[in-house]
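Listed below are the residues making up each chain.
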Amino acid sequence: MSLPFFVYGTLRPGERNHDLFLRGRTRSEEPGLLAGAVLYHGPGYPYAVETDGGTVSGDIVTALPGSYDALLVALDRLEDCVPGDPRSLYDRVARVVTTGDGRTVRAWVYVAGPAVAARLRTHGRRVEGGDWRARG
């Protein structure tokens with residue numbers, strides 16, 4: 001399933017991993033919102049944790065057709081995501097996100113893995129407002 005990616009942290013335009021992983025591999029990038037999640041501070045990067053009532057700001061990134069497979073592998077590696085492995089820091093899940101003009105699209109989102117999410121819910125520090133760029 002070739003879905004766009006919803007990025008909300010260091011992969012956003014202007015953040016440190018954008019140029020390393022996305023520059024030259026994308027067809028489009030547009031602002032978007034993910035409902036049903038909140039952000040928590042991590043060690044230099046955020047975690048999205050799924051929960052009712054929250055919203056996360058980010059960007060919807062569509063890969064160039066010839067770049068998709070390599071980009072998926074690179075992003076899974078960056079996010080320490082091994083599908084089906086409960087020890088992964090992040091899980092890649094398909095979720096509906098909303099574009100800036102109100103359309104909805106299905107996109108891959110890297111959310112905190114189950115053990116990480118449980119720890120953050122108990123001991124984590126939330127990113128107020130759900131926007132990594134506005135963190136304080």
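1. Looking at the pattern of salt bridges
Think of it this way: side chains of opposite charge can pair up when their charged atoms draw near.
Move 1: Applying the stated criterion to the full structure yields eight salt bridges.
Move 2: Among the salt bridges present, the one from Glu 30 reaches Arg 103, with a minimum N-O distance of 3.0 Å. Placement of Glu 30 in strand S2 (residues 26–41) and of Arg 103 in the loop between strand S4 (90–99) and strand S5 (104–112) is noted, with a sequence separation of 73 residues between them.
Move 3: The residue Arg 87 makes a salt bridge to Asp 85 at a minimum N-O spacing of 3.1 Å.
Move 4: Overall, the relative accessible area of 70% leaves Arg 87 in the exposed class.
Move 5: Several salt bridges share partner residues, and in doing so they unite Arg 12, Asp 59 and Asp 131 into one network.

2. Quick look at the packing of aromatic side chains
Move 1: Overall, the coordinates contain four aromatic pairs when judged by the stated rule.
Move 2: Judged by centre distance (5.7 Å) and plane angle (65°), the ring pair of Tyr 45 and Tyr 47 falls under edge-to-face.
Move 3: Relative to Tyr 90, the ring of Tyr 47 has its centre 4.8 Å away and its plane inclined at 25°; by these criteria the two rings are stacked. Taken together, the residues Tyr 47 in strand S3 (residues 46–63) and Tyr 90 in strand S4 connect sequence positions 43 residues apart. The same class applies to Tyr 47 as to Tyr 90, namely buried.
Move 4: Through pairs of rings, three or more aromatic residues link up here, namely Tyr 45, Tyr 47 and Tyr 90.
Move 5: Arg 92 extends its terminal NZ or CZ atom over the ring of Trp 108, reaching a point 4.5 Å from the ring centre.

3. Topic: helix H3 (residues 114–123)
Move 1: Of the residues making up H3, those classed as buried are Val 116, Ala 117 and Leu 120. The arc that holds every buried residue of H3, seen down its axis, measures 100°, which confines them to one face. Counted as exposed and oriented over 90 degrees from the buried face of H3: Pro 114, Thr 122 and His 123.
Move 2: Looking at the buried side of H3, the elements it contacts are S2, S3 and S5.

Rules and cut-offs
Residues numbered from 1 in each chain as written. Predicted model: local features only at pLDDT ≥ 70, side-chain atom pairs only at ≥ 80, totals over all residues. Heavy atoms only, no water. Salt bridge = Lys/Arg side-chain N within 4 Å of Asp/Glu carboxyl O. Helix = DSSP H or I, 4+ residues; strand = E, 2+ residues; numbered from the N terminus. Buried < 20%, exposed > 50% of the residue type's maximum accessible area, 1.4 Å probe, protein only. Phe/Tyr/Trp six-rings, centres within 6.5 Å; stacked < 30°, edge-to-face > 60°. Lys NZ or Arg CZ within 6 Å of the ring centre and 35° of its normal. Arc of directions from axis to C-beta. Contact = heavy atoms within 4.5 Å.

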